[in-house]
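Now for the letters of each chain:
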Amino acid sequence: MSASVTLQPNALVAVQTAVADALGIDAEEAVAEATLFGDLGAESIDLLDVLFRLERITGVKIAVADIAGLLQGGIPDEEFGDENEVVNDTGLTHLEKVLPQFDRSQLTEPLTADGVLGLFTVGNLTSLLTERTSAAAA
Amino acid sequence: MRQMKLKNSAALVTGASRGIGRAIALALAAQGAAVAVNYRSRAQDAHVVVKEIEAAGGRAVAVGADVSDPVAAAELVSRATDLLGGLNILVNNAGISDDALIHDAAPDAWWDVMKVNFGGAYHCTHAVLASFMAQGDASIVNISSAMGERGWIGQANYAASKGALNAFTRSAAVEVARFGVRVNAVLAGFTPTDLVSEVLRRDGGKGIKRQIPLRRFATVEQVAAAAVFLAGPDSGYTTGELLCVDGGFSAQLGIGRP
Ligand SMILES: NC(=O)c1ccc[n+]([C@@H]2O[C@H](COP(=O)([O-])OP(=O)(O)OC[C@H]3O[C@@H](n4cnc5c(N)ncnc54)[C@H](OP(=O)(O)O)[C@@H]3O)[C@@H](O)[C@H]2O)c1
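Before going into details, it helps to say that this report is about the structure given with it. Computed from a predicted structure; not experimentally measured.

### Some details on helix H1 (residues 9-23) of chain A
Residue and element names in this part refer to chain A.
Part 1 of the reasoning: Counted at 1.5 Å a residue, the expected span for H1 with its 15 residues is 21 Å, and the 21 Å between its end C-alpha atoms agrees.
Part 2 of the reasoning: Turning to H1, its buried residues number three or more, namely Ala11, Leu12, Ala14, Val15, Gln16, Ala18, Val19, Ala20, Ala22 and Leu23.
Part 3 of the reasoning: For H1, the elements touching its buried residues are helix H2 (44-58) and helix H6 (122-137).
Part 4 of the reasoning: One or two steps after H1, the chain reaches glycine 24, where phi turns positive at roughly 65°.

### Some details on the sheet that holds strand E5 (residues 138-145) of chain B
All names here are of chain B.
Part 1 of the reasoning: Pairing within the open sheet is parallel, and its seven strands lie in the order E3-E2-E1-E4-E5-E6-E7. Bordering the open sheet on either side are strand E3 (60-64) and strand E7 (242-245), each of which pairs with just one other strand. In this sheet, adjacent strand axes meet at a mean angle of 20° when their direction is disregarded.
Part 2 of the reasoning: Most of the contacts of helix H8 (residues 220-231) go to strand E6 (residues 181-188), to which it runs at about 165°, and overall it touches strand E4 (89-92), E5, E6 and E7.

### Digging into the nonpolar core
Part 1 of the reasoning: One finds Val19, Leu36, Leu40, Ile62, Ile67, Leu95 and Leu125 of chain A to be the most contacted residues of the largest nonpolar core, which totals 40 residues.
Part 2 of the reasoning: Only H1, H2, helix H3 (64-72), helix H5 (89-98) and H6 of chain A provide two or more residues apiece to this core.
Part 3 of the reasoning: In terms of residues, this core owes the most to one element, H1 of chain A, which gives nine residues.
Part 4 of the reasoning: Residues contacting isoleucine 62 of chain A, with those up to four places away along its chain left out, are Leu51, Leu54, Ile67, Leu125, Leu128, Leu129 and Arg132 of chain A.
Part 5 of the reasoning: Val35, Ile143, Val228 and Leu230 of chain B belong to the second-largest nonpolar core, a separate cluster that totals 36 residues.

### Observations regarding the layout of surface pockets
Residue and element names in this part refer to chain B.
Part 1 of the reasoning: By volume, the largest pocket amounts to about 840 Å³.
Part 2 of the reasoning: Contributing to the lining of the largest pocket are 41 residues, with Asn93, Ala94, Gly95, Ile96 and Leu195 lying nearest its centre.
Part 3 of the reasoning: Sorting the residues of the lining of the largest pocket by element identifies helix H1 (19-30), strand E2 (34-39), helix H4 (111-135), E5 and helix H5 (156-176) as the ones contributing at least two each.
Part 4 of the reasoning: In terms of residue class, the lining of the largest pocket is made up of 18 nonpolar, 17 polar and six charged.

### Section: the site of the ligand
All names here are of chain B.
Part 1 of the reasoning: Ser17, Ser41, Asn93, Tyr158 and Thr193 are the nearest of the 32 residues found near the ligand.
Part 2 of the reasoning: One of the backbone N or O atoms of alanine 65 is found 3.4 Å from a nitrogen atom in the ligand.
Part 3 of the reasoning: Take glycine 189: an N or O atom from its main chain is 3.4 Å from an oxygen atom of the ligand.
Part 4 of the reasoning: Coverage of the ligand by the protein chains reaches 98% of its 910 Å² of free accessible surface.
Part 5 of the reasoning: Under a 2 Å grid-point criterion requiring more than half of the atoms, the pocket assigned to the ligand is the largest pocket.
Part 6 of the reasoning: For the shell around the ligand, the elements supplying multiple residues, two or more each, are H1, E2, E5 and H5.
Part 7 of the reasoning: It is E5 that provides the largest number of residues to the shell around the ligand, a total of three residues.
Part 8 of the reasoning: Considering only residue class, the shell around the ligand consists of 14 nonpolar, 12 polar and six charged.

Conventions used here
- Residues numbered from 1 in each chain as written.
- Chains lettered and ligands numbered in written order.
- Predicted model: local features only at pLDDT ≥ 70, side-chain atom pairs only at ≥ 80, totals over all residues.
- Heavy atoms only, no water.
- Helix = DSSP H or I, 4+ residues; strand = E, 2+ residues; numbered from the N terminus.
- Expected span 1.5 Å × (residues − 1).
- Buried < 20%, exposed > 50% of the residue type's maximum accessible area, 1.4 Å probe, protein only.
- Contact = heavy atoms within 4.5 Å.
- Pairing = 2+ DSSP bridges.
- Axes fitted to C-alpha atoms, helices over the stretch in contact; angles between N-to-C directions.
- Core = buried A, V, L, I, M, F, W, Y, C linked by side-chain atoms within 4.5 Å.
- 1 Å grid on protein atoms, 1.4 Å probe; cavity = no way out; pocket = protein on both sides within 12 Å on 5 of 7 lines; lining within 4 Å.
- Points joined across faces, edges and corners; volume = space filled by probe spheres on them.
- Nonpolar A, V, L, I, M, F, W, Y, C, P; charged D, E, K, R; others polar.
- Near = heavy atom within 4 Å.
- Polar contact = N/O pair within 3.5 Å; in protein donor to acceptor, adjacent residues only side chain to side chain.
- Areas by Shrake-Rupley, 256 points an atom, 1.4 Å probe, with all protein chains shown as cover.
- Sits in = over half its atoms within 2 Å of the grid points.

Written as structure tokens, this is what we have:
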């Protein structure tokens, strides 16, 4: 891990509960570092399930589009990647900013646009939840 | 006194100004649900249904919308939700027919029927889904027909629309089950309403009745009772089901007798 962030414990437990229930795994398996799509084997309907469960637990609504928005940061497709949809320097720099664990030097193959969601971890979702919770409270 | 089964529920019934939809609205209200009574053009009829529910001590509102239009359907759902303060039951009942032999009909005679019978259910389902999935406990009931599973001369377009609705019911059910949303259908047999008055006119329906194992037509209340069952907690473990209320019609092989 290139960087560690302190995760808010209540938010982490909420995310772990939602992930475990949606994927039918033990909450202990849903560690902060685990990627939802890679390590935990989630599919898109699973992510929807996770987000609705999270909404029921916390009352905070996060849409799949919010996650996509975080990952791409409003950068247009053509500036985020090249014509083969391989994420370029602009895209990688943005990802390093929003995903603390992401380190481009660790990539074993070029990162494609489709692969970006695969970087998203339980910890990243926890940070997003915390951010949303404080935004709602403010 | 018997316990009402839908006390904290709010339901939207499409096409509830007349016929089967009206009976469903009344039956849901009798179980304590607040009901949005949708109609397409007959506002007066819808208001009569609302008054009837109110007179019996229930809560109801009338909301006009053409469910074949996706924008209108979404507005219908959001208005119903606002007026009732929530929504956890959707009954897709609005339906039309346009009977003719395929040979005689215009080449696009399937489209209007499809747009209401299947499109309406798709649009309304789409519109309620985010809130139903977030609630984690909600029910969708599609009013379909035995015609969707078997052939009938002169109703190819109608049968196709109901076949689509039945297939949609199964697929939607498996897709949203994990979100606590159930999707089922009632496959009604012949039920005397405006919709089938033409079919039943010829000989008062005698020729058809003779082919139905129970030898009689359904009442709108019998179809409504099945819809209430599928909408409520008694069917809590049932999803993706196509429940026949057809007098044994679709259980029978051919004419069913020598
Ligand atoms: N009757 C039967 O034998 C039978 C058998 C099997 C299945 N079904 C199904 O049961 C359902 C109800 O049929 P029914 O016999 O009660 O028919 P009906 O008496 O003709 O009533 C049809 C209802 O649907 C409404 N409607 C029609 N098009 C609409 C649209 N585009 N948007 C919103 N509402 C619309 C009508 O509203 P307005 O009053 O404003 O026109 C009316 O309330 C239908 O889906 C039908 O296919 C009926």
